[in-house]
Amino acid sequence: MVKLSDIEFETNSKNQIIKNVENTKRMRTLLDKTGCGFCLAKWTQVTLHLGTGLTHSCHHPIPHKIDLKELKNNPSALHNTSFKKKQRKEMLQGGRPNECDYCWRIEDGNGEGLSDRHHKSLDDFSLHKHDEIAQLTGNEDVYPTYLEVSFSNVCNFKCSYCGPDFSSKWVQEINEHGYYDLPGQGYNHTEHKHIANREDNPYTDAFWLWFPEAKNHLHTLRITGGEPLMSKHTFKLLEDIRDNPAPNMELSINTNGNAPDKNWKRFLELITDICHNNKVKKFTLFTSAEAFGKRSEYSRYGMDFELFQQQTQEFLEKTHNTRVVFMCAFNIFSITSFKQFLEWVLYLKKAYNFNGLSDWMEGIGLDPVNNLLTKDVPNYEYFPMQTIKVRKERTKEQIYSRVGIDIPYVRYPDFLDANIATKDLIVDYFMPALNFMFQYAESKEWFDCLGFEDWEALKLKRIFTNIAFQVTQDEREDQLSNNEHTTARRARFYKFVHDYDTRRDVSFLDTFPEMENFYNVCAKEYERFTSNGNKS
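Residues numbered from 1 in each chain as written. Predicted model: local features only at pLDDT ≥ 70, side-chain atom pairs only at ≥ 80, totals over all residues. Heavy atoms only, no water.

1. Focus: the overall build of the chain
Along the chain, the regular secondary structure elements total 23 helices and 13 strands. Taken along its principal axes, the extent of the C-alpha atoms in the chain is 65 × 60 × 50 Å. Residues classed as buried in the chain amount to 56% of the 536 residues present. Partitioning the contacts of the chain with sequence separation of at least 6, the portion at a separation of at least 24 is 76%. Accessible surface computed for the chain: about 23,500 Å², of which carbon and sulfur atoms make up 47%. Each charge class in the chain was averaged separately, 67 positive and 76 negative side chains, and the resulting centres sit 3 Å apart. (Helix = DSSP H or I, 4+ residues; strand = E, 2+ residues; numbered from the N terminus. Buried < 20%, exposed > 50% of the residue type's maximum accessible area, 1.4 Å probe, protein only. Contact = heavy atoms within 4.5 Å. Areas by Shrake-Rupley, 256 points an atom, 1.4 Å probe, with all protein chains shown as cover. Lys, Arg positive; Asp, Glu negative; His and termini not counted. Charge placed at Lys NZ, Arg CZ, Asp CG, Glu CD.)

This is the structure:
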């Protein structure tokens, strides 16, 4: 067997294997020595949807049901289902499980063929488990090193791109109005019955039997929802960590930034205790928005954007050695106000992130905050910023970049994919937003951590190039599309917005007056698509 130590990976000054393209290629070589479909994430990573009793390892495969008969005598069946063991054996025997076809398409396509099989296996939570896993049969019960858990779908939002599997508010709407009947397909059917917090839940019962030992093996624990801060199990878990510290574990929570006030205050108390007393290695708050102000409130229905800003900044002010990462699910509703959202994120970076050179300048009396940073943030010149001394104390000189942004790309539902945009939206709004990120990119020699990181801007660039190429290739002179798939998606968008506005008593055109031309184009695409016999 080829071991991890047999491969000459590039390392940093601390002799830690770094993530780069060349090391990812080396990981591919190592994995393929066991099998062309071998992926460590099938053992090391798990997502548990305890409200529906579903699990998957890696976010690409479709979640599958946890067998209650297996679970009754073996709580570790939360992660070690019979189905998953079958996939593991196939990998160890040189096969490629069908559920992992996302990676096979990338590996078999053009280019370098580096898929998430290689990237996830190179992650810190996976790579050092290689030698152990490569010698298994696939039948073993193992503990994950990366656990993502959702206790229920209880949520106070019903975001446009979400659904009843992840939001109890969506369940109420579908029960009242039915699914969205759109041209060519319906939207937000659901086959999974959720078990409400107040009901007996065999999956959460099994979790609490399994977790005390599982915690000892974790590199990362991430709590998701629904809205996790509305689940009693989230607070039970935080209290467990407070009382039984896990100083080598990284902890993170997803939140919509609009938790009820009582829950939010309780959360701050617990996280303050956990982080200030080093009861976890690191804590990250993942919070979500991908538009600004009323445009965000339209897409993320139920949101109070000012409260979202308030809770985010309160967290940064009151906690130490913590990080906030904005998860921006970029979609068609994002385009026209994303630059404005980026301006606020830039302000937070300059207000809370730490920089060693600025620390030195402040030490010799140059006051970089008032003389430099506040003058370099569009529309936020007069907003308060922490002194560098305070930032140094808050970061404990461990987490310099307390504010970050990640920009995943919404492809489903397909009618909210930003590639249905018209060229004028790309030129007038998307290009300036991307240019803003590169214009205010960090510099390792000057504004390190005080601007957008390369990987942050490159994520938006990849989305931009994909969308801009398709739009410019397919758009006709009358702005209708030559691509039948774009026509279908625009038709669905038009019908979705019409029904969305009616059900929720909102107005797309009042909220997005700058998108009136796009809306009218979609109306024409709807007429064109349905006149060809395409019905809901």
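2. Observations regarding the packing of helix 19 (residues 423-439) against helix 20 (residues 454-474)
Across the interface, helix 19 lies against helix 20 with an axial gap of 10 Å and an inter-helix angle of 160°. In terms of axis orientation, helix 19 runs roughly antiparallel to helix 20. Regarding helix 19 and helix 20, the two cross each other, and that crossing is left-handed. In this structure, helix 19 contributes Lys 423, Ile 426, Phe 430, Met 431, Ala 433, Leu 434, Met 437 and Phe 438 to the contact, and helix 20 contributes Glu 456, Ala 457, Leu 458, Leu 460, Lys 461, Ile 463, Phe 464, Ile 467, Ala 468, Val 471 and Thr 472. A per-class count over the contact of helix 19 with helix 20 returns 15 nonpolar, one polar and three charged. (Axes fitted to C-alpha atoms, helices over the stretch in contact; angles between N-to-C directions. Parallel < 35°, antiparallel > 145°, perpendicular 65-115°, else oblique. Left-handed = near helix turned anticlockwise from the far one by under 90°. Nonpolar A, V, L, I, M, F, W, Y, C, P; charged D, E, K, R; others polar.)

3. A look at unusual backbone geometry
Residue Gly 226 is reached from Gly 225 by a cis peptide bond, and omega for that bond is 10°. Structurally, Gly 226 can be placed in the loop between strand 8 (220-224) and helix 11 (232-243). With an omega of 0°, the peptide bond between Tyr 412 and Pro 413 qualifies as cis. The backbone of Asn 379 shows a phi angle near 70°, a positive value even though the residue is not glycine. Secondary-structure assignment places Asn 379 in the loop between helix 17 (368-371) and helix 18 (388-395). Judged by its relative accessible area of 54%, Asn 379 falls in the exposed class.

4. With respect to the environment of Val 325
Residue placement: Val 325 occurs in strand 12 (residues 322-327). The spatial distance from the C-alpha of Val 325 to the C-alpha of Val 403 is 5.9 Å, given a sequence separation of 78 residues. Dropping the residues within four chain positions of it, Val 325 is found in contact with Thr 284, Leu 285, Phe 286, Thr 287, Gly 404, Ile 405 and Asp 406.

5. Examining empty space enclosed by the protein
The final tally for this structure, using the stated rule, is three cavities of 30 Å³ or more. Of the voids in this model, the largest cavity is the one considered here, and its volume is about 110 Å³. For the largest cavity, the lining is made up of 15 residues, of which Cys 39, Cys 58, Met 91, Cys 100 and Cys 103 are closest to its centre. Elements supplying a minimum of two residues to the lining of the largest cavity: helix 2 (41-44), helix 5 (101-108) and helix 6 (116-122). Per-element accounting of the lining of the largest cavity gives the leading share, three residues, to helix 6. (1 Å grid on protein atoms, 1.4 Å probe; cavity = no way out; pocket = protein on both sides within 12 Å on 5 of 7 lines; lining within 4 Å. Points joined across faces, edges and corners; volume = space filled by probe spheres on them.)

6. Focus: the sheet that holds strand 10 (residues 280-288)
Taken in spatial order, the nine strands make up an open sheet running 3-2-1-4-8-9-10-12-13, and their pairing is mixed. Each end of this open sheet is capped by a strand with a single partner; those strands are strand 3 (64-65) and strand 13 (403-406). By the bridge criterion, seven bridges tie strand 9 (residues 246-255) to strand 10 in an arrangement that is parallel. Residue pairing in the sheet places Ala 246 in a bridge with Val 280 of strand 10. Helix 10 (residues 202-214) rests against strand 1 (45-49), strand 3, strand 4 (146-150) and strand 8 of the sheet, and its axis sits at about 150° to strand 4. (Pairing = 2+ DSSP bridges.)

7. Re the nonpolar core
Where a protein is soluble and globular, its nonpolar side chains tend to be buried together. Core analysis: the biggest nonpolar cluster contains 120 residues, and Phe 207, Phe 267, Phe 326, Phe 341, Ile 405 and Phe 493 have the highest contact counts within it. Broken down by element, this core gets its largest block of residues, ten residues, from helix 15 (residues 338-352). Beyond its immediate sequence surroundings of up to four residues, Phe 341 is in contact with Ala 289, Ala 291, Phe 292, Phe 305, Phe 308, Phe 326, Cys 328 and Ile 405. By size, the runner-up hydrophobic cluster in this structure holds 22 residues, among which are Ile 7, Phe 38, Leu 92 and Ile 133. (Core = buried A, V, L, I, M, F, W, Y, C linked by side-chain atoms within 4.5 Å.)

8. Considering the pattern of salt bridges
According to the stated counting rule, one finds 34 salt bridges in the structure shown. Among the salt bridges present, the one from Glu 173 reaches Arg 504, with a minimum N-O distance of 3.0 Å. Separated by 331 residues along the polypeptide, Glu 173 in helix 9 (residues 168-177) and Arg 504 in helix 21 (residues 484-504) bring together distant segments of the chain. Grouping residues by exposure puts Glu 173 and Arg 504 together as buried. Across the pair Lys 215 and Asp 240 runs a salt bridge, and its minimum N-O distance is 3.0 Å. With Lys 215 in the loop between helix 10 and strand 8 and Asp 240 in helix 11, this residue pair connects regions lying 25 residues apart in the sequence. The class of Lys 215 is buried, set by a relative accessible area of 8%. It is possible to trace a salt-bridge network through shared partners that takes in Asp 32, Arg 96, Glu 107, Asp 108 and Arg 117. (Salt bridge = Lys/Arg side-chain N within 4 Å of Asp/Glu carboxyl O.)

9. Quick word on the pairing of strand 1
With five of five residues buried, strand 1 lies mostly within the body of the structure. Neither face of strand 1 is open: one carries Gln 45, Thr 47 and His 49, the other Val 46 and Leu 48, and all of them are buried. In the sheet, strand 1 pairs with strand 4 via five bridges, with the strands oriented parallel. Paired with His 49 across the bridge in strand 4 is Ser 150. Pairing geometry for strand 1 and strand 2 (residues 54-56), over three bridges, is antiparallel. Among the inter-strand pairings, Leu 48 is bridged to a residue of strand 2, identified as Thr 55. The antiparallel pairing of strand 1 with strand 2 creates a hairpin that spans four residues between the two strands, and Gly 53 there sits at a positive phi of about 75°.

Purely geometric numbers; function is a separate question.
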